[in-house]
Amino acid sequence: MRGSLTAKGQATRGRIIQGAATVLREKGVAMATLDDILAHTRTSKSQLFHYFPGGKDALLLAVAQFEADQVLDDQQPYLGCLDSWDAWYRWRDTVIERYEAQGDQCPLGSLFLQVGRRTPGARAIVIELLRQWQEHLATGIRAMQSGGHVPVSLDADRTAAALLAGVQGGVSILLSTGLSTHLHAALDEGIMTLRNATSAAI
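Calculation rules
Residues numbered from 1 in each chain as written. Predicted model: local features only at pLDDT ≥ 70, side-chain atom pairs only at ≥ 80, totals over all residues. Heavy atoms only, no water. Helix = DSSP H or I, 4+ residues; strand = E, 2+ residues; numbered from the N terminus. Buried < 20%, exposed > 50% of the residue type's maximum accessible area, 1.4 Å probe, protein only. Areas by Shrake-Rupley, 256 points an atom, 1.4 Å probe, with all protein chains shown as cover. Expected span 1.5 Å × (residues − 1). Axes fitted to C-alpha atoms, helices over the stretch in contact; angles between N-to-C directions. Parallel < 35°, antiparallel > 145°, perpendicular 65-115°, else oblique. Left-handed = near helix turned anticlockwise from the far one by under 90°. Contact = heavy atoms within 4.5 Å. Nonpolar A, V, L, I, M, F, W, Y, C, P; charged D, E, K, R; others polar. Salt bridge = Lys/Arg side-chain N within 4 Å of Asp/Glu carboxyl O. Core = buried A, V, L, I, M, F, W, Y, C linked by side-chain atoms within 4.5 Å.

Assigned secondary structure in the chain consists of nine helices and zero strands. Counted from the first residue to the last, the chain has its helices and strands arranged as α-α-α-α-α-α-α-α-α. Looking at the chain as a whole, 42% of its 202 residues qualify as buried. Of the accessible surface of the chain, which amounts to about 10200 Å², a share of 53% is contributed by carbon and sulfur atoms.

Here's what the structure looks like:
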């Protein structure tokens, strides 16, 4: 569908997806209706089904992809160039700043707690998001290994997985309590584990 749309059509489709994402974050997937989305995006029902022939499920899948892309985009450019301790701390600050500012309106919460559970397709998007996120972190760890900042004996993939799990846990607690203390701790301890690995290897 997307490849056959004109530039105007793609813009309209994107507007509907972004508007739907806002509605789903505010009301939740279970409570939000197509009428809510139509009203928020000022879209007719025929127009919505033109861009999403599969109805709400097709729209949810598009929203899931939008939210997944947003999660990674919010961490750039730092997530893509974790090749120094300064870059790691800039990434840390960016993650904390984004999630504290977004609160319960964050794309990660919407994707993990709501949209990603609805269909196998949406769940596949969540899995791919986690794979890409972990790979970015692992690539950063390998860059630090190449620069001599982290011992090559450290398992980059496993360490990246643990750091990602810590971030996920911290964000979940933030969404539940409004407190970012655990997210701070997860990121600080994760980076400190990397820095201490060098001392442990000596």
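After that view, the rundown keeps rolling.
What follows covers helix H7 (residues 120-146). Residues three or four positions apart in an α-helix share a direction because the helix packs 3.6 residues into each turn. In this model H7 runs 38 Å from its N-terminal to its C-terminal C-alpha over 27 residues, within 8% of the 39 Å that 1.5 Å per residue would give. Those residues of H7 that sit buried are Ala122, Ile125, Val126, Leu129, Trp133, Leu137, Ala138, Gly140, Ile141, Met144 and Gln145.

What follows is about the environment of leucine 24. Examined against the element boundaries, leucine 24 turns out to sit in helix H1 (residues 7-27). For leucine 24, a relative accessible area of 1% corresponds to the buried category. Remark: the alpha-carbon pair of leucine 24 and isoleucine 37, spanning 13 residues in sequence, is separated by 8.5 Å.

With that settled, consider the packing of helix H5 (residues 85-102) against helix H8 (residues 156-177). Look at H5 against H8: their axes get within 11 Å of each other, and the N-to-C directions meet at 25°. Accordingly, the angle class assigned to the pair H5 and H8 is roughly parallel. The chirality of how H5 crosses H8 is right-handed. Across the interface between the two elements, Trp88, Trp91, Val95, Tyr99 and Glu100 of H5 pack against Leu163, Val167, Val171 and Leu174 of H8. Residues of the contact of H5 with H8, tallied by class, amount to eight nonpolar, no polar and one charged.

Moving on to the pattern of salt bridges. Pairs may arise between side chains of opposite charge once their charged atoms sit close together. The tally for this structure, following the rule as stated, stands at six salt bridges. Between arginine 92 and aspartate 188 there is a salt bridge whose closest N-O contact spans 2.5 Å. Separated by 96 residues along the polypeptide, arginine 92 in helix H5 and aspartate 188 in helix H9 (residues 181-201) bring together distant segments of the chain. Accessibility expressed as a relative area gives 14% for arginine 92, which makes it buried. Its salt-bridge partner being arginine 142, residue aspartate 157 comes within 2.8 Å of it at the nearest N-O pair. Taken together, the residues span a long stretch of sequence, with aspartate 157 in helix H8 and arginine 142 in helix H7 at a distance of 15 residues.

A separate point is the nonpolar core. Counting 32 residues, the largest nonpolar core has Trp88, Trp91, Tyr99, Trp133, Leu137, Val167 and Leu183 as its most contacted members. Elements with a contribution of two residues or more to this core: helix H4 (56-73), H5, H7, H8 and H9. The dominant element in this core, judged by the number of residues it contributes, is H7, at eight residues. Beyond its immediate chain neighbours, meaning those up to four positions away, tryptophan 91 contacts Gln75, Tyr78, Leu79, Leu82, Trp133, Leu137, Leu163, Val167 and Leu187. Leu5, Ile17, Ala20 and Leu59 belong to the second largest nonpolar core, which has 18 residues in total.

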